Amino acid sequence: MRFLKGYYEDDKGNLHLIISPPTFWCPPLFLYIMLEEIRNRLPDAIIEVKDHHDSKKLSECINNGLKFHECYSNESLNGDEYEKVKRTFEEKRSNKYGKLVQLSLNINGELCKLIAEAKER
């Protein structure tokens, strides 16, 4: 699905990742699960969500360390419900034939490839 659209290093040496979902209306809950995974793997990166109806909100929340239920406190699941949904996605991803496995591999593979290329420069 190629969510990772690019990356760059700013003048302060901060790594910026540009993430764009396949549609403008991608469910924020689904997108946030992926953003948290990226944040866990690259805690110092600045994540920029583009081409989404809530790009600004998602970028601000993930970069400020907020959980999904904090980001969408007035309109979302509570923390426990979000964690249940997240666990369901993780369980489906563990199925080696699941589409989420392929999605995760694509995202992680693209990140690793881009970071490796950056280090070679």
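No experiment lies behind these values; they were computed from the predicted model shown. (Residues numbered from 1 in each chain as written. Predicted model: local features only at pLDDT ≥ 70, side-chain atom pairs only at ≥ 80, totals over all residues. Heavy atoms only, no water.)

**Quick word on the state of the cysteines**
Each disulfide is one covalent bond, formed between the sulfur atoms of two cysteines.
For step 1, the next point in the chain: Throughout the structure, instances matching the rule amount to one disulfide.
For step 2, the next point in the chain: Each sulfur of the disulfide joining Cys 61 and Cys 71 lies 2.3 Å from the other. Classification of the bridge connecting Cys 61 and Cys 71 rests on its S-S torsion, roughly 85 degrees, and on that basis the disulfide is right-handed. Of this pair, Cys 61 sits in helix 2 (residues 55–63) while Cys 71 sits in helix 3 (residues 68–71), and the two are ten residues apart along the sequence.
For step 3, the next point in the chain: When its relative accessible area of 7% is taken as the criterion, Cys 61 is described as buried.
For step 4, the next point in the chain: For Cys 71, a relative accessible area of 7% puts it in the buried group. (Disulfide = S-S within 2.5 Å. Helix = DSSP H or I, 4+ residues; strand = E, 2+ residues; numbered from the N terminus. Buried < 20%, exposed > 50% of the residue type's maximum accessible area, 1.4 Å probe, protein only.)

**Regarding the environment of Ser 55**
For step 1, the next point in the chain: Relative to the elements of secondary structure, Ser 55 occurs in helix 2.
For step 2, the next point in the chain: Through-space distance from the C-alpha of Ser 55 to that of Phe 24 is 9.2 Å; in sequence the pair is 31 residues apart.
For step 3, the next point in the chain: Residue contacts for Ser 55: discarding those within four places in its chain leaves Val 49 and Lys 50.
For step 4, the next point in the chain: At a separation of 2.9 Å, a polar atom in the side chain of Ser 55 contacts the main-chain carbonyl oxygen of His 52. (Contact = heavy atoms within 4.5 Å. Polar contact = N/O pair within 3.5 Å; in protein donor to acceptor, adjacent residues only side chain to side chain.)

**Observations concerning the side chain of Arg 39**
For step 1, the next point in the chain: Its location among the elements puts Arg 39 in helix 1 (residues 28–41).
For step 2, the next point in the chain: Among buried charged residues, Arg 39 stands out as having no salt bridge; its nearest opposite-charge side chain is Asp 44, 6.6 Å away.
For step 3, the next point in the chain: In contact with Arg 39, not counting residues within four places along its chain, are Asp 44, Ala 45, Ile 47, Ile 62 and Asn 63. (Lys, Arg positive; Asp, Glu negative; His and termini not counted. Salt bridge = Lys/Arg side-chain N within 4 Å of Asp/Glu carboxyl O.)

**Quick look at the packing of aromatic side chains**
The geometry of an aromatic ring pair comes down to the distance between the two centres and the angle between the two planes.
For step 1, the next point in the chain: If you walk through the whole model with that rule in mind, you get three aromatic pairs.
For step 2, the next point in the chain: Chaining the aromatic ring pairs together yields one cluster made of Tyr 32, Phe 68 and Tyr 72. (Phe/Tyr/Trp six-rings, centres within 6.5 Å; stacked < 30°, edge-to-face > 60°.)

**Focus: the confidence of the model for the protein**
For step 1, the next point in the chain: Confidence in the prediction of the protein, expressed as mean pLDDT, is 79, and 70% of residues score 70 or more.
For step 2, the next point in the chain: Taken element by element, the protein is modelled with least confidence in helix 5 (residues 99–120), mean pLDDT 57, and with most confidence in strand 3 (residues 46–49), mean pLDDT 97. (pLDDT = per-residue confidence, 0-100.)

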